[in-house]
Amino acid sequence: MTPLALEMISARLRAWQFPERIDGVVGIASGGVVPAALAAHQLGVGMRVIALNYRDEKNEPRHAEPVLLGSAPDLGAWKRVLLVDDVWVSGKSWRAARALLPENIEVLPFVMKGKVDFALIGDIDGCVMWPWKTYPAAE
């Protein structure tokens, strides 16, 4: 696994060209909460969380489809939001979260890592160690 420094992530966020007129950020829990908070802070907008469960700690699917835990967030008057996750693997979690948000809201994707145009980190292959997570000691 490649360890990532918060300083590197912050520098990339500062340089990222976010879409204009974003009213708020929605983070897909649990992996997307810290990335969403970082993006919301960078944009100076509010944040909500939508809790889905799909993958386990080893990044393997634990359900056939993502499962909603709790309820979808109330977005109030937001009309254009950034839907944020940590990693884009198959897009299943993102699409499931999008389907749970109001249809009349424009929802734009953003992830920390993946091989997609809207990923902050697309140049590092394999798994990474996020600076905000704890990892078991190597045996």
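One can find the structure itself at the top, above this paragraph.
1. Some remarks on the packing of aromatic side chains
Tallying each qualifying case throughout the model produces five aromatic pairs. With centroids separated by 5.1 Å and ring planes inclined at 55 degrees, the aromatic side chains of Phe-18 and Phe-110 adopt a geometry described as tilted. Residue Phe-18 is found in the loop between α1 (6-15) and β2 (24-29), and its partner Phe-110 is found in strand β6 (residues 106-113); the two are separated by 92 residues along the sequence. Here the two residues Phe-18 and Phe-110 agree in accessibility, since each one is buried. Site record: aromatic cluster; members linked through ring pairs are Trp-16, Phe-18 and Phe-110.

2. Here's the deal with the pattern of salt bridges
The full count for this structure, using the stated rule, is three salt bridges. Asp-123 is the partner of Arg-12 in a salt bridge, and the nearest nitrogen-oxygen pair spans 3.0 Å. You can see Arg-12 sitting in helix α1 and its partner Asp-123 sitting in the loop between β7 (119-121) and β8 (128-129), a full 111 residues away along the chain. Ionic pairing is found between Arg-80 and Glu-106, a salt bridge with its closest N-O pair at 2.9 Å. Note that Arg-80 is positioned in strand β5 (residues 80-87) and Glu-106 in strand β6, a separation of 26 residues in sequence. Overall, Arg-80 belongs to the buried group, its relative accessible area being 14%.

3. Re the side chain of Lys-113
If you trace the backbone, Lys-113 turns up in strand β6. Notably, Lys-113 is buried but unbridged: the nearest opposite-charge side chain belongs to Asp-125, and the N-O separation is 6.0 Å. At 2.9 Å, the side chain of Lys-113 and the backbone oxygen of Gly-126 are in polar contact. Sequence-distant contacts of Lys-113, that is, excluding residues within four places in its chain, are made with Asp-86, Val-87, Trp-88, Ala-119, Ile-121, Ile-124, Asp-125, Gly-126, Val-128 and Trp-130.

Conventions and cut-offs
The numbers attached to residues start from 1 for each chain and follow its sequence in the written order. Only residues with pLDDT of at least 70 are given local features in this predicted model, and only at 80 or more are side-chain atom pairs given and counted; all residues enter the totals for whole chains, interfaces and linings. The side-chain values count all of the structure's non-hydrogen atoms but skip hydrogen atoms and water molecules. For Phe, Tyr and Trp, where Trp contributes only its six-membered ring, two rings pair if their centres lie within 6.5 Å, and the inter-plane angle classes them as stacked under 30 degrees, edge-to-face over 60, or tilted in between. Put simply, DSSP marks the helices as runs of H or I at least four residues long and the strands as runs of E at least two long, and each gets a number from the N terminus on. Categorising residues by exposure relies on relative accessible area from a 1.4 Å probe, with only protein chains included: less than 20% of the type maximum marks a residue as buried, more than 50% marks it as exposed, and the intermediate range marks it as partly exposed. Whenever a carboxyl oxygen of Asp or Glu lies within 4 Å of a side-chain nitrogen of Lys or Arg, that contact is scored as a salt bridge. Charge convention: Lys and Arg are scored as positive, Asp and Glu as negative, and His as well as the terminal groups of each chain are ignored. Under the rule applied, a polar contact is a pair of N or O atoms within 3.5 Å (in protein, one hydrogen donor and one hydrogen acceptor; residues adjacent in sequence only if both atoms are side-chain atoms). Should any heavy atoms of two residues lie within 4.5 Å, those residues are considered in contact.

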